[in-house]
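So you can see what is in the structure, the chains are spelled out below.
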Amino acid sequence: MKILLLNGTIVGTKTKTLLIEIEKYINKLQQQYDTRIIHLEDYDLQFVDGRPSDQYNEDMRFLIEEMEQADAYVISTPIFQGSIPGTLKNLFDAVSPLAMRHKPVSIVANGGTLQHHLVIENQLKPILNYFRCLVTPNYVYTHTNHFSTQGELIDEDVHNRLEEMTRVFHQYIQMSKSI
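Remember, predicted model here, so these are calculated numbers, not experimental data.

Asker: An account of the overall build of the protein chain is needed here, citing residue identities and associated values.
Answerer: Helix and strand content of the protein chain: five helices and six strands. The secondary structure elements of the protein chain, listed N-terminal to C-terminal, are β-α-β-α-β-α-β-α-β-β-α. A globule of 179 residues ought to have a C-alpha radius of gyration of about 16 Å, and the protein chain, at 15 Å, matches this closely. With respect to the principal axes defined by its C-alpha atoms, the protein chain has extents near 45 × 40 × 25 Å. The 179 residues of the protein chain split such that 50% are buried. The long-range share in the protein chain, meaning contacts at least 24 apart out of those at least 6 apart in sequence, stands at 76%. Surface accessibility of the protein chain: about 8800 Å² in total, with carbon and sulfur atoms responsible for 48%. Across the protein chain, the 16 positively charged side chains and the 22 negatively charged ones have centroids separated by 5 Å.

Shown next as structure tokens:
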């Protein structure tokens with residue numbers, strides 16, 4: 001099974017750090033998964049405007065294909081101005097609504113305040129519900145104080161929650177095989 005670990009922004013490092021930690025926990029599971037980390041900053045993104053996917057540049061076509069061919073996802077996003085980044089929403093706009101149906105998704109997010117976790121509930125989860133994804137209930141939200149000044153994840157509780165989220169994600173993957 002192919003798990004796509006998606007960093008939904010083109011700036012910052014905290015969401016990258018979270019994905020690296022999650023990949024470590026996935027690699028500790030009994031079952032081996034094919035994981036791929038994708039950082040949107042590494043690609044030449046185009047605005048999605050409704051044209052057929054084969055009319056976008058090579059990077060956009062690659063990203064669409066990766067999204068549509070993955071079996072499960074961990075989406076990592078910062079919260080900017082009380083919202084998900086436009087780059088992440090733009091990628092969702094490029095993906096067929098059928099492509100993510102019944103596929104497991106776990107969410108990790110980082111914001112400047114504790115209150116920004118509501119963006120997950122009010123924006124990201126409705127998008128994923130539109131796709132009819134199997135969204136794990138235990139997303140992990142972090143904020144600046146969970147990281148060192150060098151960008152390392154230093155909060156033990158966050159580490160524990162990431163590990164627990166990964167175990168639940170694994171169960172959702174198993175469940176999705178029979179759907």
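Let's pick the thread back up.
Asker: How would you summarise helix H4 (residues 118-130) if you had to cite specific residues and measurements?
Answerer: The end-to-end C-alpha separation of H4 is 18 Å, in line with the 18 Å expected for 13 residues at 1.5 Å each. Its maximal kink placed at leucine 124, H4 deviates by approximately 35°, while the proline proline 126 follows within four residues. Along H4, the residues classified as buried are Val119, Ile120, Leu124, Lys125, Ile127 and Leu128. Buried residues along H4 sit in contact with strand S3 (72-78), helix H3 (86-94), strand S4 (104-111), strand S5 (134-135) and strand S6 (140-143).

Asker: Talk me through the packing of aromatic side chains; I want residue IDs and the actual numbers.
Answerer: Per the stated rule, a full pass over the model turns up three aromatic pairs. Ring centres of tyrosine 43 and phenylalanine 62 lie 5.6 Å apart, and the angle between their planes is 20°; on these two criteria the pair is classed as stacked. Note that tyrosine 43 is positioned in the loop between strand S2 (34-39) and helix H2 (58-69) and phenylalanine 62 in helix H2, a separation of 19 residues in sequence. When the centroid spacing of 5.7 Å and the interplanar angle of 70° are considered together, the rings of tyrosine 130 and phenylalanine 131 count as edge-to-face. Through a chain of ring-to-ring contacts, the aromatic side chains of Phe92, Tyr130 and Phe131 assemble into a single cluster. Its guanidinium or amino end placed over the ring of phenylalanine 147, lysine 14 lies 5.8 Å from that ring's centre, counting from NZ or CZ.

Asker: Requested: an account of the packing of H2 against H3, with residues and values cited.
Answerer: Running from N to C, H2 and H3 point in directions that differ by 75°, and their axes come no closer than 10 Å. Classed by the angle they form, the pair H2 and H3 counts as roughly perpendicular. Residue-level contacts link Met60, Leu63, Ile64, Met67 and Glu68 of H2 to Asn90, Leu91, Phe92 and Ala94 of H3. Class assignment of the residues belonging to the contact of H2 with H3 gives a composition of seven nonpolar, one polar and one charged.

Asker: Give me the lowdown on a nonpolar patch on the surface, citing residues and values where you can.
Answerer: A grouping of Ile10, Val11 and Phe80 is seen on the molecular surface, where their side chains present a nonpolar patch of about 250 Å² in accessible area. Relative to the helices and strands, valine 11 resides in the loop between strand S1 (2-7) and helix H1 (14-27).

Asker: I'd love a proper account of the nonpolar core, names of residues and values included.
Answerer: Counting 34 residues, the largest nonpolar core has Met67, Phe92, Met100 and Leu128 as the members making the most contacts within it. For this core, the secondary structure elements donating two or more residues are S1, H2, S3, H3, S4 and H4. Broken down by element, the residue count for this core peaks at five residues, all from H4. Setting aside its immediate chain neighbours within four residues, methionine 100 contacts Met67, Tyr73, Phe92, Val95, Val105, Leu128, Phe131, Arg132 and Cys133. The next biggest cluster of nonpolar side chains, apart from the first, holds 20 residues, and it includes Ile3, Leu18, Val108 and Leu162.

Asker: Can you tell me about H1, naming the residues and giving the values?
Answerer: Here H1 contains 14 residues, and its C-alpha end-to-end distance of 20 Å stays within 8% of the 20 Å for a straight helix at 1.5 Å per residue. In the core, the buried residues of H1 are packed alongside S1, S2, S3, S4, S6 and helix H5 (156-176).

Calculation criteria
- Residues numbered from 1 in each chain as written.
- Predicted model: local features only at pLDDT ≥ 70, side-chain atom pairs only at ≥ 80, totals over all residues.
- Heavy atoms only, no water.
- Helix = DSSP H or I, 4+ residues; strand = E, 2+ residues; numbered from the N terminus.
- Rg over C-alpha atoms; globule rule 2.2 N^0.38 Å.
- Buried < 20%, exposed > 50% of the residue type's maximum accessible area, 1.4 Å probe, protein only.
- Contact = heavy atoms within 4.5 Å.
- Areas by Shrake-Rupley, 256 points an atom, 1.4 Å probe, with all protein chains shown as cover.
- Lys, Arg positive; Asp, Glu negative; His and termini not counted.
- Charge placed at Lys NZ, Arg CZ, Asp CG, Glu CD.
- Expected span 1.5 Å × (residues − 1).
- Bend = angle between axes of the 7 residues up to and from the residue.
- Phe/Tyr/Trp six-rings, centres within 6.5 Å; stacked < 30°, edge-to-face > 60°.
- Lys NZ or Arg CZ within 6 Å of the ring centre and 35° of its normal.
- Axes fitted to C-alpha atoms, helices over the stretch in contact; angles between N-to-C directions.
- Parallel < 35°, antiparallel > 145°, perpendicular 65-115°, else oblique.
- Nonpolar A, V, L, I, M, F, W, Y, C, P; charged D, E, K, R; others polar.
- Patch = residues over 30% accessible without salt bridge, like charges linked within 9 Å, V, L, I, M, F, W, Y side chains within 5 Å.
- Salt bridge = Lys/Arg side-chain N within 4 Å of Asp/Glu carboxyl O.
- Core = buried A, V, L, I, M, F, W, Y, C linked by side-chain atoms within 4.5 Å.

Shape descriptors only; they carry no functional weight alone.
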